[in-house]
Amino acid sequence: MALMSKGAEADLYLEEYEISPGNKMKVVVKFRKEKKYRVKQLDRKIRSTRTRKESKLMHSARENGVPVPWILEVDPENFYIVMEYVDGKRLREIMLSKELSKESVNELFREIGRIVGKLHSSGIVHGDLTTGNMILSEGGELYLIDFGLGEFSKRAEDFAVDIYVLKRTLESTHYEYKETLKYFLEGYSQTFEKVREVLEKLKDVERRGRYVAR
Amino acid sequence: MPAGNAVTHNGRGSKFGGGCLISLGIEGTAYKLGVGIVTDKGEILANVSRVFSPKKGGLKPREAAQYYAENISSLIRESLEKANLSARDIDIVSFSQGPGMGPCLRVVATAARSLSLGLGIPIVGVNHGVAHIEIGRLITKLEDPLVLFVSGGNTQVITFQDRRYRVIGETMDMALGNCIDRLGRELGLEFPWALSVQELAKRGEKFIELPYIVKGMELSFSGLLTSALEKIGKVRPEDLCYSFLETSFAMLTEVAERGLTLTGKEELLLCGGVGALDRLKEMLKEMVSEHGAKLGVTPPEYSVDNGAMIAWTGILYYKSGTKHKIEETVVKQRFRIEEVEVNWR
């Protein structure tokens, strides 16, 4: 297994997976690591609960038409999820390398808005909505990944935090794209009804300034 | 401060290397009243305190304030004696302006105002949380740490960005220190409850599952406390204390770890009274070592509420141009750390 990336909570591995005899596909294995600082019993409980929850969030998102990697296997007892490998690039890299025109990026954000609108309409908060957690596939489709901090929620404030995090990412990492949020919100309001309420909450969240840009 | 009362240096150059400024700080937000005397070189000349310990039940703000009022003058005298100074040697007075319990804050503010007016020296109202961080930075010598601030009234993860301390993680309900106290009290342990809980926990053998609630950078302790209180009388108190501390400290360590990843900081500072508990330090140490980061722990004398932290932060405020008019010294029970513009960093 080849290590793709190391995170605070989990590591990602790239692997070949045999879906039927002789029929292999590339997959990502997300493995939640042991934390030695906490007692074993608690550590196992946390890792299995979260593995189960993340797969539920992804499954539910997919059922509601949100493009997320397809899940092939979940093993909460061994703390891993096997999911489809999406061949493509992270949006963060694409935007930093400026390989797309501003118009294409704007168009892309309209689509991201529609996707996040669907996600929120289905009662799911992503929890870490940055361009590093979006993949543009070779086929030009946009995927949301990493639901490790996600929640099932219907609270406007939780949705507002998703938008706040994305907005801050645009302002700090991609500061040439500040006005791009406008396109996101256009798409967002096409697929999500309570936009006004969420934008109201967004003001509160911004006033508190609690969330750090990355 | 009245016009014409320009502050000059106290002239104690021979003893403190010349040109130094001496600050007296009064802390009083909960049940500890503290007075500290610190120079602008960061020398701590005195740090004395008295603790209000309720005879029965929890902490009653009014009784604590009454205790403060009875003790504050003699505690200030005690600090001066300890520092071998007279009141005239003090250049600025600072006090904990909030957050905290109203009646306590008001006693402290009143004492600070009378010192300021009586001695004709500037007064600075200091944010209690900022003071915890600044004394921690002074003592541990950490440059730009992520801060885990855990006390009786606060449970926060704080980072420094754009001239302000910003809370990036926080309890959604109760402060952890308060929960530990409550558990100790309900178990009939002795004050200070947190230390008693820790003593019992060291003899714990069996881990009992309790609610573990972390959502991203947010924590929740009220469910954990309720569940633990329900188990009193049904399980060994040792096991209960052990499981309670293991669970809650793991929650803190998890958000601290996530905070380090989010902010990219390479240092972690633990401050606040709960930081005096051994197991929490141990867990954080284990966690930061995996990240190649550094842990700084404010020693107990300065991690619990204390006067020295207020005195030192008063100096930082003052030297960066902040002093308050008497009418600006109104206490702020809900004084958020983000409100303070940090001009000294």
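Residues numbered from 1 in each chain as written. Chains lettered and ligands numbered in written order. Predicted model: local features only at pLDDT ≥ 70, side-chain atom pairs only at ≥ 80, totals over all residues. Heavy atoms only, no water.

### Structural notes on the interface of chain B and chain A
Then comes step 1: Taken together, the 31 residues of chain B in the interface contact 22 residues of chain A.
Then comes step 2: When chain B packs against chain A, the two sides together hide about 2300 Å² of surface, and 52% of this comes from carbon and sulfur.
Then comes step 3: Taken as a group, F207(B), E209(B) and L262(B) account for 21% of the area that chain B buries against chain A, more than any other trio of residues on that side.
Then comes step 4: Our count for the chain B to chain A interface comes out at four residue pairs in polar contact (both at pLDDT 80 or more).
Then comes step 5: Put simply, the parts of the chain that give the side of chain B that touches chain A at least two residues each are strand 7 (155-161), strand 8 (164-171), strand 9 (213-215), helix 8 (237-263) and helix 9 (278-291) of chain B.
Then comes step 6: Counting residues per element, the side of chain B that touches chain A draws most heavily on helix 8 of chain B, which supplies ten residues.
Then comes step 7: Of the residues assigned to the side of chain B that touches chain A, the class counts are ten nonpolar, seven polar and 14 charged. (Contact = heavy atoms within 4.5 Å. Buried area = accessible area lost by both parts, 1.4 Å probe. Polar contact = N/O pair within 3.5 Å; in protein donor to acceptor, adjacent residues only side chain to side chain. Helix = DSSP H or I, 4+ residues; strand = E, 2+ residues; numbered from the N terminus. Nonpolar A, V, L, I, M, F, W, Y, C, P; charged D, E, K, R; others polar.)

### Considerations on the pairing of strand 6 (residues 146-150) of chain B
Residue and element names in this part refer to chain B.
Then comes step 1: Of all five residues in strand 6, five are buried, a share of seventy percent or more.
Then comes step 2: In strand 6, alternate side chains face the same way, and those of L146, L148 and V150 on one face and V147 and F149 on the other are all buried.
Then comes step 3: Pairing of strand 6 with strand 11 (residues 267-271), which is carried by four bridges, proceeds in the parallel orientation. By the bridge assignment, L146 is partnered in strand 11 with L268.
Then comes step 4: Bridge analysis of strand 6 against strand 7 gives four bridges, and the strand direction is antiparallel. Its bridge partner being in strand 7, L148 is matched across the sheet by V157.
Then comes step 5: The hairpin turn running from strand 6 into strand 7, its antiparallel successor, is four residues long. (Buried < 20%, exposed > 50% of the residue type's maximum accessible area, 1.4 Å probe, protein only. Pairing = 2+ DSSP bridges.)

### Let's talk about empty space enclosed by the protein
Then comes step 1: In total, this model carries two cavities of 30 Å³ or more according to the counting rule given.
Then comes step 2: Roughly 60 Å³ of internal volume is contained in the largest cavity.
Then comes step 3: A8(A), E9(A), K35(A), R38(A), R50(A), E254(B), E257(B) and R258(B) are the residues that line the largest cavity.
Then comes step 4: Sort the elements by how many residues they give to the lining of the largest cavity and helix 8 of chain B lands first, with three residues. (1 Å grid on protein atoms, 1.4 Å probe; cavity = no way out; pocket = protein on both sides within 12 Å on 5 of 7 lines; lining within 4 Å. Points joined across faces, edges and corners; volume = space filled by probe spheres on them.)

### Re the domain arrangement of chain A
Residues and elements named next belong to chain A.
Then comes step 1: Taken as a whole, chain A is organised into domain 1 (2-84) and domain 2 (88-208).
Then comes step 2: Between the C-alpha centres of domain 1 and domain 2 the distance comes to 23 Å.
Then comes step 3: Each partner contributes to the interface: domain 1 provides 18 residues, whereas domain 2 provides 17 residues.
Then comes step 4: Counting the surface domain 1 buries against domain 2, the share from its top three residues, L57, V66 and P67, is 39%.
Then comes step 5: The tally of links from domain 1 across to domain 2 stands at two salt bridges.
Then comes step 6: The shortest N-O distance in the salt bridge between D146 and K30 comes to 3.0 Å.
Then comes step 7: The interface formed by domain 1 and domain 2 contains six residue pairs in polar contact (both at pLDDT 80 or more).
Then comes step 8: Residues that form the side of domain 1 that touches domain 2 fall into these classes: eight nonpolar, three polar and seven charged. (Domains from an automatic or database assignment. Salt bridge = Lys/Arg side-chain N within 4 Å of Asp/Glu carboxyl O.)

### Details of the sheet that holds strand 6 of chain B
Residues and elements named next belong to chain B.
Then comes step 1: A sheet is described by the order of its strands in space; here seven strands give the open sequence 9-10-8-7-6-11-12, paired in mixed fashion. The strands lining the two open edges of the sheet, one partner per strand, are strand 9 and strand 12 (294-297). Direction aside, neighbouring strands of the sheet carry axes that sit 25 degrees apart on average.
Then comes step 2: Its contacts with the sheet place helix 8 against strand 6, strand 7, strand 8, strand 9, strand 10 (218-220) and strand 11, and it is angled at close to 160 degrees to strand 6. (Axes fitted to C-alpha atoms, helices over the stretch in contact; angles between N-to-C directions.)

### As for the pairing of strand 4 (residues 71-75) of chain A
Regular strands place their side chains on alternate faces of the sheet.
Residues and elements named next belong to chain A.
Then comes step 1: Relative to strand 5 (residues 80-84), strand 4 runs antiparallel, the two sharing four bridges. The residue of strand 5 that forms the bridge with D75 is Y80.
Then comes step 2: In sequence, strand 4 turns back onto strand 5 through a hairpin of four residues, with F79 there showing a positive phi of about 65 degrees.

### Remarks on the nonpolar core
Then comes step 1: Membership of the largest hydrophobic core comes to 49 residues, with the highest contact counts inside it found for L148(B), L176(B), I180(B), F244(B), F249(B) and L252(B).
Then comes step 2: Secondary-structure elements contributing two or more residues to this core are helix 1 (40-63) of chain A together with strand 6, helix 5 (176-186), helix 6 (193-201), helix 7 (222-230), helix 8, strand 11 and helix 9 of chain B.
Then comes step 3: Counting residues per element, this core draws most heavily on helix 8 of chain B, at twelve residues.
Then comes step 4: With near-sequence residues (within four places) excluded, L252(B) lies in contact with L148(B), V150(B), T155(B), L176(B), L219(B), F221(B) and L280(B).
Then comes step 5: The next biggest cluster of nonpolar side chains, apart from the first, holds 46 residues, and it includes V66(A), V105(A), L129(A) and Y188(A). (Core = buried A, V, L, I, M, F, W, Y, C linked by side-chain atoms within 4.5 Å.)

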